[in-house]
Amino acid sequence: QVQLVESGGGLVQAGGSLRLSCTTSGTIFSISIMGWYRQAPGKQRELVAVVTSGGSTNYADSVKGRFTISRDNAKNTVDLQMNTLKPEDTAVYFCTATYRPTVAMKFDTSWGQGTQVTVSS
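Report on the accompanying structure. These numbers come from a predicted model, not from an experiment.

### Considering the overall build of the chain
- Looking only at helices and strands, one finds zero helices and eleven strands in the chain.
- Taken from N to C terminus, the helices and strands of the chain fall in the order β-β-β-β-β-β-β-β-β-β-β.
- Taken against the 2.2 N^0.38 rule, which gives 14 Å for 121 residues, the C-alpha radius of gyration of the chain at 14 Å falls within 12% of a compact globule.
- If you line up the chain on its principal axes, its C-alpha atoms span 50 × 25 × 20 Å.
- The proportion of buried residues among the 121 residues of the chain is 39%.
- Once local pairs closer than 6 in sequence are excluded, the contacts in the chain between residues at least 24 apart make up 56%.

### Side note on the packing of aromatic side chains
- In total, this model carries one aromatic pair according to the counting rule given.
- The interplanar angle of 70° and the centroid separation of 5.1 Å between the aromatic rings of Tyr37 and Trp111 together place this pair among those described as edge-to-face. Of the two residues, Tyr37 is situated in strand β4 (residues 30–39) and Trp111 in strand β10 (residues 108–111); the sequence distance between them amounts to 74 residues.
- Residue class for Tyr37 comes out partly exposed when judged on its relative accessible area of 22%.
- Using a relative accessible area of 35% as the deciding quantity, one classes Trp111 as partly exposed.
- When the ring centre of Phe94 is taken as origin, the NZ or CZ atom of Arg45, which lies over that ring, is 3.7 Å away.
- Just above the ring of Trp111 sits the side chain of Arg45; from NZ or CZ to the centre is 4.8 Å.

### Notes on the state of the cysteines
- If you walk through the whole model with that rule in mind, you get one disulfide.
- Linked covalently through their sulfurs, Cys22 and Cys95 form a disulfide whose S-S length is 2.0 Å. When the S-S torsion is -85°, as for the bridge of Cys22 with Cys95, the disulfide is left-handed. Of this pair, Cys22 sits in strand β3 (residues 18–25) while Cys95 sits in strand β9 (residues 91–100), and the two are 73 residues apart along the sequence. Note on accessibility: Cys22 and Cys95 belong to one class, buried.

Cut-offs and rules
Residues numbered from 1 in each chain as written. Predicted model: local features only at pLDDT ≥ 70, side-chain atom pairs only at ≥ 80, totals over all residues. Heavy atoms only, no water. Helix = DSSP H or I, 4+ residues; strand = E, 2+ residues; numbered from the N terminus. Rg over C-alpha atoms; globule rule 2.2 N^0.38 Å. Buried < 20%, exposed > 50% of the residue type's maximum accessible area, 1.4 Å probe, protein only. Contact = heavy atoms within 4.5 Å. Phe/Tyr/Trp six-rings, centres within 6.5 Å; stacked < 30°, edge-to-face > 60°. Lys NZ or Arg CZ within 6 Å of the ring centre and 35° of its normal. Disulfide = S-S within 2.5 Å.

Shown next, in the form of structure tokens:
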């Protein structure tokens with residue numbers, strides 16, 4: 001099982017910026033998709049942004065133009081640069097990766113423990 005660890009969360013005022021990072025460890029042959037989801041209190045977990053190994057990205061409409069996802073395929077890491085943050089961005093942010101441990105194994109998905117992002121108004 002691949003382990004994912006997020007960092008970079010915290011408290012920021014509206015209009016500010018934060019950068020989240022996610023590192024991986026464990027046996028990895030390849031990672032197809034890496035991304036970020038978030039879950040606010042009382043709400044379901046929702047997609048924020050994902051990126052494929054080829055660099056294709058997909059963003060939630062609510063973060064387009066403000067957030068940028070980037071990935072280092074050599075290091076198996078993924079970052080999320082969050083600008084112009086709004087109070088409604090407040091949530092726990094989770095890193096995720098869909099990967100193959102070895103060439104002979106099927107794809108699996110792992111999640112990090114999450115990092116809290118709080119945006120004050």
